[in-house]
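Given next are the chains, with one letter for each unit.
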Amino acid sequence: MKENSSEKYILALDQGTSSSRAIVFDRSGRIISVSQKEFTQYFPKPGWVEHNPSEIWSSQASVIAEAITSVGINGKNIAGIGITNQRETTIVWDAETGQPVYNAIVWQDRRTSGYCDSLKNDGLTGYIRQRTGLIIDAYFSATKIRWILENVEGARAKAEAGKLRFGTVDSWLVWMLTRGEKHVTDVSNASRTMLFNIHTLQWDPDLLELFGIPETMMPEVRSSSEVYGYTKTTIFAHEVPISGIAGDQQAALFGQMCTEPGSVKNTYGTGCFLLMNSGSRPILSSNDLLTTIAWKIGDTVNYALEGSIFVGGSVVQWLRDGLGVISSSSEVEALAASVPDSGGVYFVPALTGLGAPYWDQYAKGCIYGITRGTKAAHIARAALEGIAFQTMDIVNAMQKDSGVALKELKVDGGASRNNLLMQFQADILGVPVIRPSVTETTALGAAYLSGLAVGYWDDLSSIKTQWSAERTFSPQAPEDFVIAEKAGWADAVSRTLSDRQED
């Protein structure tokens, strides 16, 4: 399909954990073109997860070219570029050559768990949470940067000499798009590093000192919607403004138009990420949720409460690749639906530890309640239900922290297309679950942030009207069934938790 050569569009770069995508949107928020490319996952040791930063860039560059040429447009037709990215994933590169000094250490990586334990044992939990809103965990960027400086030969000396740069994936993409002219990030990504003070909106000098990270490595922190710079690459014949950045979950919150305090979305991706807009004030959680920055537009900062589920849709990949009970992920719904319930089986998918609200990095996955009558279908159903139960645990914690009762849950991400899972989610939460017409809400959020900065859309009210529901799942299960299911889940989780948890 060839588009009008004089029309303008917004290009969203959605750089995820397993693939890079480029999506072209028009003024109505409609998808004009999509290109996607998977890239290599490296697992050098148990618990270690890495990506090649050069492959991240090359995959992103190739899908940009494909997305725009497939509809017959070029840089002149792109009003702005919005970037959304896998968060916490850590890249350190040489400021002079632009070459990474080590592979990207992915958010899922657990190699710094032992160091995190030592920080907790030193009594730093409250100190770090008060400043950053975060739990001490290997999930975040700070300990990953420190690991690179401590373990890559010559890295510490180069960093001290001001010759290394750190960035989350958004910073890396901007650096590559501008050929090293701009070293920036936005507040939402900065708030995921465990180095950013979410009250002062600055890199925290005391935390940089604690982790031994020179401030010269750090990107300039900007708002989520402004012109950061212009492309200098050969992908575009013309300079294109880069004008929106947000971490993937914050971008999805914005794309779902959860712009009012108390509104909640859950993204069902590799992991699941539940965010509640808490407005202009950060709510420090009493229930082990994260306090994070949702976005900053102009001078206004929006905060959010977040609960992270490490294993969401990836449990389906495990059923396929590890257990071999399905040959493709799309088969799981039919297999699970072939039985009326899970047959008393509960699957706690702690395959990389348990995230919120438990934060047990040593927990191992557990399939509980197996009998001679258990079939592959029961395990498949229990795996899907485990995603919904984990979401329920986070919703309960959010309601306690915020004092706001959940009225509805907006959903997106790959597994949100699974009707069985969405219906069970509504049943177990007791509120409507709403799936939007455009499920690419992460990319859409980045597009909106970019378009607002360059005047492609006039204001927030002009894009709110574009959001619409594709399907609403209303609670249907009997109350006694829900009560019994919740009790069974609580019992299974209690059997899964390790005895090595830290306060």
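About the criteria used
Position numbers for residues start from 1 in each chain and track the written sequence from start to end. For a predicted model such as this one, the threshold for reporting local features is a pLDDT of at least 70, and the threshold for listing and counting side-chain atom pairs is 80 or more; totals across whole chains, interfaces and linings nevertheless cover every residue. As a rule here, side-chain values cover all heavy atoms of the structure and leave hydrogens and water aside. Think of it this way: any DSSP run of H or I at least four residues long counts as a helix, any run of E at least two long counts as a strand, and we number them from the N terminus. Only the C-alpha atoms count toward the radius of gyration. The rule for a globule is 2.2 Å times the residue count to the power 0.38. Note on classification: 1.4 Å probe, protein chains only; a residue is buried when its accessible area is under 20% of the maximum for its type, exposed when over 50%, partly exposed between these limits. The contact rule is simple, with two residues in contact once any of their heavy atoms fall within 4.5 Å. In this description, accessible areas are obtained by the Shrake-Rupley approach with a 1.4 Å probe, and a residue is regarded as covered only by the protein chains that are shown. Only buried residues count toward a nonpolar core, which is a set of Ala, Val, Leu, Ile, Met, Phe, Trp, Tyr and Cys residues joined through side-chain atoms within 4.5 Å. One speaks of a salt bridge when a side-chain nitrogen belonging to Lys or Arg is within 4 Å of a carboxyl oxygen belonging to Asp or Glu. Whether two strands pair comes down to DSSP finding at least two bridges between them. For every element, the axis is a line fit to its C-alpha atoms; helices are fit only across the contacting stretch, and the angle between N-to-C directions ranges from 0 to 180 degrees. Expected helix span is taken as 1.5 Å per residue step, with the number of steps being one fewer than the number of residues. Our angle categories are set so that under 35 degrees counts as roughly parallel, over 145 as roughly antiparallel, 65 to 115 as roughly perpendicular, and the remainder as oblique. Residues are sorted three ways: Asp, Glu, Lys and Arg are charged, Ala, Val, Leu, Ile, Met, Phe, Trp, Tyr, Cys and Pro are nonpolar, and all the rest, Gly among them, are polar. Stacked, edge-to-face and tilted labels apply to pairs of Phe, Tyr and Trp rings (six-membered ring for Trp) whose centres lie within 6.5 Å, assigned for plane angles under 30 degrees, over 60, and everything in between, in that order.

A.B. asks: I'd like to hear about the overall build of the protein chain, residue by residue, with values.
C.D. replies: Scanning the protein chain from terminus to terminus reveals 16 helices and 23 strands. A compact globule built from 503 residues should have a C-alpha radius of gyration of about 23 Å, and the protein chain, at 22 Å, falls within 12% of that. Along the first, second and third principal axes, the C-alpha set of the protein chain runs to 65 × 55 × 45 Å. Out of the 503 residues belonging to the protein chain, those deemed buried represent 60%. Here the analysis covers contacts within the protein chain between residues at least 6 apart in sequence; of these, 73% occur between residues at least 24 apart. Surface summary for the protein chain: the accessible area is close to 18,400 Å², and the carbon and sulfur share equals 48%.

A.B. asks: Describe the nonpolar core, listing the residues and the values that go with them.
C.D. replies: If you look at the biggest cluster of nonpolar residues, it comprises 127 residues, and the most contacted ones within it are Leu195, Phe211, Ile213, Met217 and Tyr268. In terms of residue count, the dominant contributor to this core is helix α12 (residues 376-402) (13 residues). With near-sequence residues (within four places) excluded, Leu195 lies in contact with Thr132, Ala142, Ile145, Gln202, Trp203, Asp204, Leu207, Leu208, Phe211, Ile213 and Met218. Core analysis: the next-biggest nonpolar cluster, separate from the first, contains 34 residues, Val24, Ile56, Trp172 and Ile245 among them.

A.B. asks: Residue-level account of the pattern of salt bridges, with values.
C.D. replies: Scanning the model with the defined rule gives 27 salt bridges in all. For Glu181, the salt bridge is made with Lys232, and the minimal N-O distance between the two is 3.6 Å. Taken as a pair, Glu181 in the loop between α6 (169-177) and β9 (184-186) and Lys232 in the loop between β13 (225-230) and β14 (241-247) lie far apart in primary sequence, 51 residues in all. Notably, a salt bridge pairs Glu260 with Lys464, separated by 3.2 Å at the nearest N-O pair. Of this pair, Glu260 sits in the loop between α9 (248-255) and β15 (264-268) while Lys464 sits in helix α15 (residues 460-464), placing them 204 residues apart in sequence. We classify Lys464 as partly exposed; its relative accessible area is 33%.

A.B. asks: Break down unusual backbone geometry for me, with residues and values.
C.D. replies: Look at Glu88: it is not a glycine, yet its phi comes out positive at around 70°. You can see Glu88 is positioned in the loop between β5 (78-85) and β6 (91-94). A residue is classified by how much of its surface remains accessible, and Glu88, at 2% relative accessible area, is buried. A positive phi angle, close to 55°, is found at Arg179, a residue other than glycine. Topologically, Arg179 is positioned in the loop between α6 and β9.

A.B. asks: I'd like a rundown of the sheet that holds β13, residues and numbers included.
C.D. replies: Strand order in the open sheet formed by six strands is β3-β2-β1-β5-β14-β13, with mixed pairing between adjacent strands. Edge positions in the open sheet fall to β3 (31-38) and β13, since each of these has one partner strand only. Across this sheet, the average inter-strand angle for adjacent strands is 25°, counted without regard to direction. Contacting β1 (9-15), β5, β13 and β14, α6 crosses the sheet at an angle of about 145° to β5. Sheet contacts for helix α14 (residues 441-453): β1, β2 (19-25), β5, β13 and β14; angle to β5, the most-contacted strand, approximately 135°.

A.B. asks: Go over helix α2 (residues 113-121) with me, naming the residues and quoting the values.
C.D. replies: Considered for burial, the residues of α2 that qualify are Ser113, Tyr115, Cys116, Asp117, Leu119 and Lys120. The secondary structure elements touched by the buried residues of α2 are α3 (125-132), α4 (141-151) and α8 (205-211). At the exit of α2 stands Gly123, carrying a positive phi of roughly 75°.

A.B. asks: Describe helix α16 (residues 479-496), naming the residues involved and giving the relevant values.
C.D. replies: Under the 1.5 Å per step criterion, the end-to-end length of α16 is 26 Å for 18 residues, consistent within 8% with the ideal 26 Å. Buried residues along α16 sit in contact with β19 (346-348), β20 (366-368), α12 and α13 (419-429).

A.B. asks: Tell me about the sheet that holds strand β18 (residues 300-309), and please be specific about residues and values.
C.D. replies: Judged by pairing direction, the sheet is mixed, and its seven strands sit side by side in the order β17-β18-β16-β15-β21-β22-β23 without closing on themselves. A single partner strand is all that each edge strand has here, and the edge strands are β17 (290-297) and β23 (469-473). Each strand of the sheet is rotated relative to its neighbour by a mean of 30°, with strand direction disregarded. As paired strands, strand β16 (residues 272-279) and β18 are joined by seven bridges and run antiparallel to one another. The residue bridging Cys272 from the neighbouring strand is Ile309, located in β18. α12 contacts β15, β16, β18 and β21 (409-412) of the sheet and is inclined by roughly 140° relative to β18.

A.B. asks: Provide a residue-level description of the packing of helix α10 (residues 314-323) against α12, including the pertinent values.
C.D. replies: Two numbers describe how α10 lies on α12: the axes approach to 9 Å, and their chain directions differ by 150°. Judged by the angle between their axes, α10 and α12 are roughly antiparallel. Here Val315, Val316, Leu319 and Leu323 of α10 lie close against α12, whose contacting residues are Ile379, Ala380, Ala383, Leu384 and Ile387. Residues of the contact of α10 with α12, tallied by class, amount to nine nonpolar, no polar and no charged.

A.B. asks: Run through the packing of α13 against α16, naming residues and quoting values.
C.D. replies: When two helices pack together, you describe them by how their axes are tilted relative to each other and by the distance separating the axes. Axis separation between α13 and α16 bottoms out at 9 Å; the angle between their running directions is 95°. Comparing their axes, α16 and α13 come out roughly perpendicular. Mapping the contact onto sequence places Phe424, Asp427 and Ile428 in α13 and Phe481, Val482, Glu485 and Lys486 in α16. Across the contact of α13 with α16, the residue classes break down as four nonpolar, no polar and three charged.

A.B. asks: Which residues make up the packing of aromatic side chains, and what values go with them?
C.D. replies: Counted by the stated rule, this structure contains 16 aromatic pairs. Arranged with centres 6.3 Å apart and planes meeting at 70°, the rings of Tyr115 and Phe211 form a pair that is edge-to-face. Within this pair, whereas Tyr115 is found in helix α2, its partner Phe211 is found in helix α8, the two being separated by 96 residues in sequence. Residue Phe211 is classed as buried on the basis of its relative accessible area of 1%.

A.B. asks: Which residues make up the pairing of β6, and what values do they have?
C.D. replies: Burial along β6 is two-sided: Ile91 and Trp93 and Val92 and Asp94, pointing in opposite directions, are all buried. One ladder, built from four bridges, connects β6 with strand β8 (residues 164-167); its direction is antiparallel. Across the sheet, Val92 pairs through a bridge with Phe166, a residue of β8.

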